[in-house]
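Here is what each chain is made of, one letter per residue.
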Amino acid sequence: MRHLVIRRVIQTLLIMLTVSALLFAVFDSDQFRKKIAVAELGNFGAATLSDSDYQAWIVSKGLDQSFPARYVTWLNHVVHGDLGVSIEKDVAVSTLLKESLSSTAVLAFYVFLIMIPVSLMLGVLAGMKEGSILDRVISVIAVFTTSIPQIATAALLTVVLALGLRWVPTKSAMIDGFSFRELLLPLLTILIYEIGYLVRMTRSAMADVMSSQYIRTALLKGLPYRQVVLKHALRNALVVPVTLILLELTGLLSQVVVVEVFFQYHGFGRMLFDAANFGDIQVIQAATLVAVCVAVASQLLSDIAYVLLNPRLRVA
Amino acid sequence: MSVTFRSRSDDTPILECRNLSVTYSGRRGDVPAVVDFNLTLMRGEAHGLVGESGCGKSTIALAIMRYLGVSGRITGGQILFQGRDLLSLDAAELRQVRGADIAMIYQEPMASLNPSLTIGEQLIEVPMCHEAVSRREATKRARAMLERVRLADGDRMMRSYPHQLSGGQQQRIVIAMALLSHPKLLLLDEPTTALDVTVEAGIVDLIRDISAEFGTSMLYISHNLGLVRETCDRMTVMYCGQPVEVGRVQSVFSRMRHPYTRGLFAAIPSLGADKNTRPLTAIAGQLPAPGERPAGCAFGPRCASFVAGRCDQGTIPLAKVDALTGHVSRCVRVDEIDWLAEPPPREQRSTDVLSESVVSVSALTKRYQQVSANDGLSFEVNRGETVALVGESGCGKSTFARILMGLVQATSGSVTLSRVELSQLPVTKRSMKTIRSLQMIFQNPFDTLNPSHTIGAQIARVIRRLGIERDEARIRARVLELLDLVKLPRQFADRRPRQLSGGQKQRVGIARAFAGKPAVVVADEPVSALDVSVQAAITELLIDMQRREGTTLLFISHDLSVVRYLADRVVVMYLGQIMEQGRTQEVFAPPYHPYTEALLAAVPVADQNMLKRKVLLGGEMPSASQPPPGCRFSTRCSYRISGVCDVLAPPNQEFASGHRIACHLPREHLLAMQPVFREASQKTDYVS
Amino acid sequence: MNALIQQTREHRRSWMTPAQLIGALLLIVWVPLMAYVMFHQALGIAAPYVLLPSVPAVLALYVMAIYHWRESWVAVLGVTLVCFWLLVAVTVPYLPLLDPNKPLVPLALPGALKHGMSFMLGSDMRGRDVLSRTLWGCQRVLVWGITATSVAYVVGVGLGLIGGYLSGWWDEAVTFVGNVLLSFPVMVLFILVLNVLGQSGFNIIIAVTFSSAPIIMRIVRGLAMQEKSRDYIQAAQTRGESALWIMVMELLPNIRGPLIVDACLRLGYTTVAITTLTFLGLGLQPPDPDWGLMIKEAAPVALLWKYSYMLLVPSLAVTSLILGFNLTADGLREMSQRD
């Protein structure tokens, strides 16, 4: 088991190094450098930047070094939390990131808080008796909710809950501080898809387990059905959903882009989107790096959870 | 008929099935799986249920447990357990019966144990659930039961997870779990089919003792006639969901009165006979597809004694053969057929083996990281000869085949084909001549053909690839010719594998192997996945093809009866090493290697006239990554000489020319060994 | 022997297997549609006619699909939805619709009849007909979606077969590249790719390939490793077949079942991705009608209950298409498990 985990940690480190090198290489090109130079030197555009000014800037920034040297310098900065300065807002990127990530974390917290119990319960109920009416109802609804793209969910929810019923505001900018009512629409938009997806996965894992031979053994031992489900089935059926829940941390980073933009919620996704539209390179680079870190960490966690939950891997 | 008020006395059968019928409903309508099944099982009695796959024998066990899934249902009849109708029980009563009164043992022990609960946890819940005892008490009982199923180191077992145990240990756990509630009836569904033969012998021995010790009644389901003969008192032979012959085991074996029973018996090789003395006879035709039962006698279309107008009319009743023992047979012609008639003698098949070596193996060794899969193999294969590589799983016989075929490369040593060194030569680097002269037949009929291509296209590809024919029409003609040779209809060329039965697929596999007129064919367990009656046909076909083409056959098998039947020479392997090799008659008679002796004694014998000496192996097969020092068999050998066998590698002792035994035992000791088998008339201290 | 040869010569092969027929029909649908949407200018005067052969091909495919999958109503429903949009995509130039890009009457409510023009589903804030825009909008999504998914599949299947069958260093390399790409959250990867390479349809294909191919690669790799241990692969190896032959001719046909199911799901994901990107203003550029664009343009305007149709119509359209893909996948999986 230790061997497996160590192997995965090393792989993760390798991936992080590769990704950071890739990101650095992409944003190290002249095209992007000039943009930063223009911003820092206070010029109005790449066209007005004189060549000598640009060269002087490059030397002053130490960018005339060899690529590996520049990469190491950059990496050193990154590790010490220096992610550059936003061109658009003229603030340290790390400050921006801190604010936006904490807003997104609030959203993510509520997503997981509701998603985990609801989807696991519904999935287990559906998978327990494959083909039962409950199973069919849950499955059909789940297919439906996973088929609605989030822009459509967001639009439909706005129409119904905000425009029709007027229960919640249409936007979630939270100008007057945090308000749970404003959080509701983005939260629901994410939940509708996520719960559907997890329910489907849990259901199929549960259905597989329930048709396995060891469940037959347990039933034919004369154990009560409740005990068979709770003790014999769940332990095996929840392995996959648990690892998937951890992986959903990555999925969430994608989904918040759409949801936050639609509802004007000031989180990580919104920040990335604004940066992309403005061409705020330092922010894009830093945000991508952070996103990859979170994603890789969630993959690592999910792999470790899989090993821990699986006696075959845990006890060799 | 009312059973509700019947008194429960000792003559009430433990289990009684009356006209039981089970039907599965599928997409293609209802398919009857069991029709009109009757069974009476008394206290302490063991009843065998024999038949080939699809005959409904497992369905009966599940019906008794009332566990038929969503598609199966009992459409008629009664199942009485101690006079109580099981079909009328509600869920709570059913739970009481399941596990407490009736317990079941399954074919695949690994799959029937929960992978994420410890063995102890799975054992103790039985008494805790049925007898509401405390956890401590339940643990005590479970520990005690582990000893009774002869599992050493019980405390460690209790803490283990299923995957940490071997197949034999797992099955003992399942048996212990079944016995913990002291059931009155045990249902055993092919309990040893997934196990190696020496492990099987241990489990069978245990099962026999249990019935003696606990007085438990048993319903023993198996496809193996020999196993049923060794474990049961009475037996039922099933065909197409119906019992065709029922009676006491001795009575049925000595006086088979149904053509199907006789067919089954004639289709299995016996350890006492080879291909020249008693040729195998396969049952003609195929099992009818589910839902397509022939009218009248279901076996009619395949029966040699079939008479139109009588066998295919109405329902055939069970006719009495012997009123005293209750021996009955479902054959209308039971009184007319001459049951004593010997099958027509076959032409003598001569063996012309040339003493010219084709394949020569010397000191061949293969290591995968720490695992030594082959260790110093040395033997010769002569032209036209059939050499069998025998051993249990993990003995390295398949690794050797892979080295020979060039799928993996040896670590050291040499193997040559017609003096071409192959041990380091992957198949991609071999000349077309070498590839063409060395072909293989595979074990699993469901895996051997590519499901996406037609039969014709697959055989044609071999012909084209090996460069035997180039013209398209000639290729097609050769394909049809090969189909003729393996006795398949020519229309099969356009069919896809899923339209073929297992036996038919294996025939295509044989056609494919022989397409390029190879000098050597390696057959890796070619019949072990097939039903008994099909096995015989494929074995015979293999022998025919080999004779016709003068091919050398390297036959890899764990089945000693088949090996005895068709091999000229035998190589016995254990944990990657050769224990004994020699001509077949020499290996199957003393002097034996102790492992050969145990292996022979483990084979269930279906022959009433053969008596077998009991030799049981102790312990578990050691892991191939940590083979024991000295003789690799020393950890399980009952003749072990401490300080010698477990230290030094055994010497090869030569007896007859080419008969070599790798053993430390003194020559006199080996020579003085008693044969494992005797004719029934000769001696009495053999178990039957 | 000669008689045998004679006999086999008489044995006629049918001119096309069902699989080839389906492939041909798919090409007849997809190639003209792709040409029509991606290279409209280049087609010049031929443009109005290229879609004509696709119409019967879509119908033929639909009939074949519902006949073949009639046992699963889920699959039939899914195929019906997908084929409806396919049919719309190839017939929309010939339908009597208002010009989707021309400002006519702003904010006409659904069912309104103004200036002799009927706005069945209303018009948007710039006066364009919503019905017409919705129907035209499916072309872009379908064409770019199918093309991007196909490219991702070619790359993913190729790499997956190499990793799964050849194993060893090949596998390590392919898996590592896959893991690096998979460590980017999808939307982040899209934004990054489109920012670095610029915004265009072809770069969407690249972005979709970067995000989907590693997943397809993992699936194929897993299936290939499973399939590789089967005897028929060893049989091919022992007769000296090349690795390429084994991967393409022996292995690939036998893993197509799960791959087709996954392809249906992935078409759905790609549809989501493309509409989302246009919604974010990162993908295909206006003014041509597009569902994501319609939602984006309607979002700030439709803040009144009575104008909500502008959000509803394109949302339902895109949902129905994705639902079609997902139901097809579900039905196919259900049928494969039943056998």
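Just so we're clear, the structure is a prediction, and the values are computed from it rather than from any experiment.

> Give me the overall build of chain A: which residues, what numbers.
Counting secondary structure elements, chain A contains 14 helices and 0 strands. Mapped in sequence order, the helices and strands of chain A form the string α-α-α-α-α-α-α-α-α-α-α-α-α-α. Along the longest, intermediate and shortest principal axes, the C-alpha atoms of chain A span 85 × 55 × 30 Å. Within chain A, the proportion of its 316 residues that are buried is 53%. Considering only intrachain contacts with a sequence separation of at least 6, the fraction spanning at least 24 residues in chain A is 70%. Accessible surface, chain A as shown: approximately 14,200 Å² in total, 66% of it carbon and sulfur. One way to put it: in chain A the 25 positive side-chain charges average out to a point 18 Å from where the 21 negative ones average out.

> Outline the overall build of chain C, supporting the account with residue identities and numerical values.
Of regular secondary structure, chain C possesses 14 helices and 2 strands. Each principal axis of the C-alpha atoms in chain C carries an extent, and together these give about 80 × 50 × 40 Å. Counting all 339 residues of chain C, 54% fall into the buried class.

> Tell me about the domain arrangement of chain A, and name the residues and values.
Residue and element names in this part refer to chain A. Segmentation of chain A into domains returns domain 1 (2-79) and domain 2 (93-315). Here the C-alpha centroids of domain 1 and domain 2 sit 34 Å apart. Counting residues at the interface gives 17 residues for domain 1, matched by 16 residues for domain 2. Across the domain 1/domain 2 interface, buried area totals approximately 1,500 Å², and carbon plus sulfur atoms make up 82% of it. In terms of surface lost to domain 2, no three residues of domain 1 exceed R8, M16 and F27, which account for 33% of the buried area on that side. In this assembly, domain 1 and domain 2 are joined by 1 salt bridge. D303 is paired through a salt bridge with R8; the nearest N and O atoms lie 2.4 Å apart. At the boundary of domain 1 with domain 2, the tally comes to 1 residue pair in polar contact (both at pLDDT 80 or more). Of all the elements in the fold, those that place two or more residues in the side of domain 1 that touches domain 2 are α1 (2-27), α2 (30-41) and α4 (67-79).

> Before we move on, can you summarise the interface of chain A and chain C with the specific residues and values?
In this assembly, 44 residues from chain A lie in contact with 41 residues from chain C. Across the chain A/chain C interface, buried area totals approximately 3,700 Å², and carbon plus sulfur atoms make up 77% of it. Interface area lost by chain A to chain C is led by S147, I151 and L163 of chain A, which between them contribute 15%. For the interface between chain A and chain C, the tally reads 1 salt bridge. Among the ionic pairs, D330 of chain C bridges to R200 of chain A, the shortest N-O distance being 2.7 Å. Connecting chain A to chain C are 6 residue pairs in polar contact (both at pLDDT 80 or more). At the level of elements, α1, α6 (133-147), α7 (150-164), α8 (180-210), α11 (239-263), α12 (268-278) and α13 (281-309) of chain A are the ones that each hand at least two residues to the side of chain A that touches chain C. It is α1 of chain A that provides the largest number of residues to the side of chain A that touches chain C, a total of 9 residues. The residue makeup of the side of chain A that touches chain C, split by class, is 32 nonpolar, 10 polar and 2 charged.

> I'd love a proper account of the side chain of D231 of chain C, names of residues and values included.
Looking at the element boundaries, D231 of chain C is found in helix α10 (residues 231-238). At 7.3 Å, R402 of chain B is the nearest oppositely charged side chain to D231 of chain C, a buried residue that forms no salt bridge. In this structure D231 of chain C touches F442, Q443, N444, D447 and T448 of chain B, once residues within four positions along its chain are discounted.

> Summarise the sheet that holds strand β1 (residues 15-26) of chain B; cite the residues concerned and give the values.
All names here are of chain B. Across the sheet, 4 strands lie side by side as β2-β1-β4-β5; this open sheet has antiparallel pairing. A strand with exactly one partner marks an edge of an open sheet, and here the two such strands are β2 (29-41) and β5 (84-85). Bridge analysis of strand β4 (residues 72-81) against β5 gives 2 bridges, and the strand direction is antiparallel. Bridged to L80 within β5 is D85.

> If you had to explain the side chain of T238 of chain C to someone new, which residues and values would you point to?
Among the secondary structure elements, T238 of chain C is positioned in helix α10. In terms of polar contacts, T238 of chain C uses its side chain to reach the backbone carbonyl oxygen of A235 of chain C, at 2.9 Å. Not counting residues up to four positions away in its chain, the partners in contact with T238 of chain C are M405, L407, V427, I435, Q439 and F442 of chain B.

> So what's going on with empty space enclosed by the protein? Which residues, and what values?
Taken as a whole, this structure holds 13 cavities of 30 Å³ or more when the rule is applied. Every element with two or more residues in the lining of the largest cavity is listed here: α8 (197-214), α9 (225-231), α20 (594-602) and β23 (610-612) of chain B. Element by element, the count of residues in the lining of the largest cavity is highest for α8 of chain B, at 5 residues. A breakdown of the residues in the lining of the largest cavity according to their chemical character gives 12 nonpolar, 1 polar and 8 charged. Estimates place the volume of the second largest cavity at around 100 Å³. At the level of elements, α9 (213-220) of chain A together with β6 (102-105) and α7 (167-179) of chain B are the ones that each hand at least two residues to the lining of the second largest cavity. Grouping the amino acids of the lining of the second largest cavity by side-chain chemistry returns 8 nonpolar, 3 polar and 1 charged.

> Describe helix α2 (residues 91-100) of chain B, naming the residues involved and giving the relevant values.
If you check which residues of α2 of chain B are buried, you get L94, V97, R98, G99 and A100 of chain B. Taking the backbone nitrogen of A92 of chain B as reference, a side-chain oxygen 3.2 Å away marks D90 of chain B as the first, capping residue of α2 of chain B.

> Requested: an account of the interface of chain B and chain C, with residues and values cited.
Across the boundary between the two partners, chain B contributes 31 residues, which contact 27 residues of chain C. Across the chain B to chain C interface the summed buried area is about 2,700 Å²; carbon plus sulfur atoms make up 52%. If you sort the residues of chain B by the area they bury against chain C, R27, D447 and R461 of chain B come out on top, with a joint share of 21%. The tally of links from chain B across to chain C stands at 2 salt bridges. Where R230 of chain C meets D447 of chain B, a salt bridge forms, and the shortest distance between an N and an O atom there is 2.6 Å. Elements with a contribution of two residues or more to the side of chain B that touches chain C: α12 (397-405), α14 (455-465) and α15 (472-485) of chain B. It is α15 of chain B that provides the largest number of residues to the side of chain B that touches chain C, a total of 5 residues. A class-by-class count of the residues in the side of chain B that touches chain C yields 13 nonpolar, 7 polar and 11 charged.

> Lay out the sheet that holds β6 of chain B with the relevant residues and their values.
Residue and element names in this part refer to chain B. Across the sheet, 8 strands lie side by side as β6-β7-β8-β3-β9-β10-β12-β11; this open sheet has mixed pairing. Of all the strands in the sheet, the pair left with one neighbour each is β6 and β11 (319-322). For this sheet, the mean angle separating the axes of adjacent strands, direction not counted, is 20°. Taken together, the 5 bridges between strand β3 (residues 46-50) and strand β8 (residues 217-222) define a ladder with parallel strand orientation. Directly across from L49, in β8, lies its bridge partner I221. Strand contacts of α7: β6 and β7 (185-189), with the helix running at about 175° to β6, the strand carrying the most contacts.

> Please set out the packing of aromatic side chains residue by residue, giving values where relevant.
Residue and element names in this part refer to chain A. Across all of its chains, the model carries 20 aromatic pairs over all chains by this definition. Where F24 meets W74, the ring centres are 5.1 Å apart and the plane angle is 35°; that geometry is what we call tilted. Of this pair, F24 sits in helix α1 while W74 is found in helix α4, placing the two residues 50 residues apart along the sequence. Using a relative accessible area of 6% as the deciding quantity, one classes F24 as buried.

About the criteria used
- Residues numbered from 1 in each chain as written.
- Chains lettered and ligands numbered in written order.
- Predicted model: local features only at pLDDT ≥ 70, side-chain atom pairs only at ≥ 80, totals over all residues.
- Heavy atoms only, no water.
- Helix = DSSP H or I, 4+ residues; strand = E, 2+ residues; numbered from the N terminus.
- Buried < 20%, exposed > 50% of the residue type's maximum accessible area, 1.4 Å probe, protein only.
- Contact = heavy atoms within 4.5 Å.
- Areas by Shrake-Rupley, 256 points an atom, 1.4 Å probe, with all protein chains shown as cover.
- Lys, Arg positive; Asp, Glu negative; His and termini not counted.
- Charge placed at Lys NZ, Arg CZ, Asp CG, Glu CD.
- Domains from an automatic or database assignment.
- Buried area = accessible area lost by both parts, 1.4 Å probe.
- Salt bridge = Lys/Arg side-chain N within 4 Å of Asp/Glu carboxyl O.
- Polar contact = N/O pair within 3.5 Å; in protein donor to acceptor, adjacent residues only side chain to side chain.
- Nonpolar A, V, L, I, M, F, W, Y, C, P; charged D, E, K, R; others polar.
- Pairing = 2+ DSSP bridges.
- 1 Å grid on protein atoms, 1.4 Å probe; cavity = no way out; pocket = protein on both sides within 12 Å on 5 of 7 lines; lining within 4 Å.
- Points joined across faces, edges and corners; volume = space filled by probe spheres on them.
- Axes fitted to C-alpha atoms, helices over the stretch in contact; angles between N-to-C directions.
- Phe/Tyr/Trp six-rings, centres within 6.5 Å; stacked < 30°, edge-to-face > 60°.

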